[in-house]
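Survey of secondary and tertiary structure
Residue strings, one per chain:
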Amino acid sequence: MRPALPTALVILLASACAASAACDVKGLKLEQEIVDKKELQDPANEQTVRDLRTLRDAAIVLDAFKFEPECERLVAIVRQLTAQPIKTIERGGDTDEEKAEEIEQEREPKAQAKPK
């Protein structure tokens, strides 16, 4: 039973190291992916590129707030989206202008209500 203890310790240490480096936002190299994928260079796909950057930035925030599993998931999603840019562009082709305006309004900071 003694040999199992060092093995368990090695597994425990390896999983701890993996957990601390699990959310590798830098490893995305999103800007390089954008440069490398000609589809993402097309001016018509600027919104897709903005969306990818927004998702990357959200992963950074999640990592900063110690939401590692959520950050990992978001990094995986961005990797998946950049791996198949044509499919990503097709999926993100929502052109509903009213919906876009509503979303843009939600992004604007709101002034705090004055107490009466």
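One can find the structure itself at the top, above this paragraph.
Please read all numbers here as calculations on a predicted model, not as lab measurements.

1. Description of the overall build of the protein chain
- Along its length, the protein chain carries seven helices and zero strands.
- Along the chain direction, N to C, the helices and strands of the protein chain fall in the order α-α-α-α-α-α-α.
- By the burial criterion, 18% of the 116 residues in the protein chain qualify as buried.
- When the accessible area of the protein chain is evaluated, it comes to approximately 9,400 Å², of which 58% is carbon and sulfur surface.

2. Here we look at the nonpolar core
- Formed by 15 residues in total, the largest nonpolar core has its most connected members in V25, L40, A59, C71 and V75.
- The set of elements that each furnish at least two residues to this core consists of α2 (30-36), α4 (46-64) and α5 (68-83).
- Counting residues per element, this core draws most heavily on α5, which supplies five residues.
- Each residue touching V25, except ones within four places of it in the same chain, is listed here: R56, A59, I60, C71 and V75.

3. Here's the deal with the packing of α4 against α5
- Where α4 meets α5, the axes come as close as 8 Å, and the angle between the chain directions of the two elements is 160°. It follows from the interaxial angle that α4 and α5 lie roughly antiparallel. Both α4 and α5 take part in a crossing whose hand is left-handed. Contacts from L52, L55, R56, A58, A59, L62 and D63 of α4 reach α5 at E68, E70, C71, L74, V75, V78, L81 and T82.
- Here the contact of α4 with α5 is built from residues that sort into 10 nonpolar, one polar and four charged.

Thresholds applied
- Residues numbered from 1 in each chain as written.
- Predicted model: local features only at pLDDT ≥ 70, side-chain atom pairs only at ≥ 80, totals over all residues.
- Heavy atoms only, no water.
- Helix = DSSP H or I, 4+ residues; strand = E, 2+ residues; numbered from the N terminus.
- Buried < 20%, exposed > 50% of the residue type's maximum accessible area, 1.4 Å probe, protein only.
- Areas by Shrake-Rupley, 256 points an atom, 1.4 Å probe, with all protein chains shown as cover.
- Core = buried A, V, L, I, M, F, W, Y, C linked by side-chain atoms within 4.5 Å.
- Contact = heavy atoms within 4.5 Å.
- Axes fitted to C-alpha atoms, helices over the stretch in contact; angles between N-to-C directions.
- Parallel < 35°, antiparallel > 145°, perpendicular 65-115°, else oblique.
- Left-handed = near helix turned anticlockwise from the far one by under 90°.
- Nonpolar A, V, L, I, M, F, W, Y, C, P; charged D, E, K, R; others polar.

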